[in-house]
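# Analysis of the macromolecular model
Listed below, chain by chain, are the residues.
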Amino acid sequence: MCPCCSIKCCFVGFNLLFLASGVALIVIGVQQHSTYKQMGAFAGKSLSQISVVLVAVGVTISLVSILGHLGAFFNHYNMMACFICILIIIIILEVLTGAAFYILRKRTLILQVKNAIDYDGKARKVIQEYSPEKRHAIDRVQEMFKCCGADGPDDWANSVGWGNQDAVPDSCCVVKGQGCGQDKDKVHPKGCIRAIKLFLLRSLLWVGAVCIALGITEVFGVVVGAFFCLNIRGKNYENMS
């Protein structure tokens, strides 16, 4: 196999992984949209935007990957050069973002604490009011995250919208059934604030792992793409001579 063909195969292999990661982010964002939307109704609208960000990043990665595939398929130097430049810009933005978080980590921590307090306050207010337009979202959150109330089942005793101190909504039950919320010993003891924070923390860890993996593959893609680009340019010079 000629060196140019092997470099092209390596580049196509990288680009397929790059495209797969973009498609995966789009699928995850679309699938989790309803979950984040209901979480947003429970603890603030900003949470509902997470799925939109995931889809936007996935679409960007997919479009850049398609550009690389077209450049490789047609052996088009300008397309390949454009792909490499965009990939370098993405890597630089990722590095600058990571550096900014590290340099401003104290401010970021303060902001995270403030946001956490805001989320906690909103969640408690939502349980306190239990307004008709948010009841479905609250019940779905309690069912999905296997939790009850903002801090725990006792929150429902003080809920104005619920108005039943001796029971909790049936969505709190470990085994759901009609009227199961009458028995508080059979409901989830964990509050939804804690459950959502654990979910977001796990999601953040997964996103961090994906970002590190993407960063490594992107550097590899730039190197292989640059060699492939030089080979295309060399062939163009040979055809001209």
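Below, the structure is looked at part by part. Residue positions are given per chain, counted from 1 along the sequence in the order it is written. Per-residue local features of the predicted model are confined to residues with pLDDT of at least 70, and side-chain atom pairs are confined, for both listing and counting, to 80 or more; whole-chain, interface and lining totals are unaffected and use all residues. The basis for every side-chain value is the complete set of heavy atoms in the structure, and neither hydrogens nor water enter the calculation.

## Looking at a nonpolar patch on the surface
Patches here are clusters of residues that have more than 30% relative accessible area and form no salt bridge, with a 9 Å joining cutoff for like charges and a 5 Å cutoff for nonpolar side chains (Val, Leu, Ile, Met, Phe, Trp, Tyr). Accessibility throughout is a Shrake-Rupley quantity obtained with a 1.4 Å probe, and a residue counts as covered only by protein chains that appear here. Salt bridge, as used here, is a side-chain nitrogen of Lys or Arg placed within 4 Å of a carboxyl oxygen of Asp or Glu. A cluster of nonpolar side chains, namely Val59, Leu63, Ile66, Leu70, Phe73 and Phe74, defines an oily patch on the protein surface of about 610 Å² accessible area. Numbering of helices and strands runs from the N terminus, with a helix taken as a DSSP run of H or I at least four residues long and a strand as a DSSP run of E at least two residues long. On the secondary structure map, leucine 63 appears in helix H3 (residues 50-74). Leucine 63 gets classed as exposed once you look at its relative accessible area, which sits at 55%. Exposure categories follow from relative accessible area, calculated using a 1.4 Å probe and restricted to protein chains: below 20% of the type maximum is buried, above 50% is exposed, and the middle band is partly exposed.

## Considering the pattern of salt bridges
All chains considered together, the criterion is met by four salt bridges. Notably, a salt bridge pairs aspartate 151 with arginine 124, separated by 2.6 Å at the nearest N-O pair. A residue pair is termed long-range when its members are at least 10 positions apart, and aspartate 151 in the loop between helix H6 (135-145) and helix H7 (192-240) and arginine 124 in helix H5 (residues 105-129) qualify at 27 residues. Judged by its relative accessible area of 40%, arginine 124 is partly exposed. Salt bridges here are not isolated pairs; linked through shared partners, they connect Arg140, Glu143 and Lys176.

## Topic: the state of the cysteines
Joining two cysteines, a disulfide is a covalent bond between their sulfur atoms. Note that a disulfide, as used here, is simply two cysteine sulfur atoms within 2.5 Å. Counted by the stated rule, this structure contains three disulfides. One disulfide bridge connects cysteine 148 with cysteine 172, the sulfur atoms lying 2.3 Å from each other. In this structure the cystine formed by cysteine 148 and cysteine 172 twists about its S-S bond by roughly 85°; its chirality is therefore right-handed. Of this pair, cysteine 148 sits in the loop between H6 and H7 while cysteine 172 sits in the loop between H6 and H7; the two residues are 24 residues apart in sequence, bridging distant segments of the chain. Its relative accessible area of 0% is what places cysteine 172 among the buried residues. Each disulfide pairs two cysteine sulfurs, and for cysteine 173 the partner residue is cysteine 180, the sulfurs being separated by 2.1 Å. Across the S-S bond of cysteine 173 and cysteine 180 the torsion is about 105°, and the bridge reads as right-handed. For the pair formed by cysteine 173 and cysteine 180, the shared burial category is buried. Unpaired in terms of disulfides, cysteine 85 finds its nearest cysteine sulfur in cysteine 82, a separation of 6.7 Å. The class for cysteine 85 is partly exposed, based on a relative accessible area of 45%. Cysteine 229 forms no disulfide, and the closest cysteine sulfur to it belongs to cysteine 85, at a distance of 8.6 Å.

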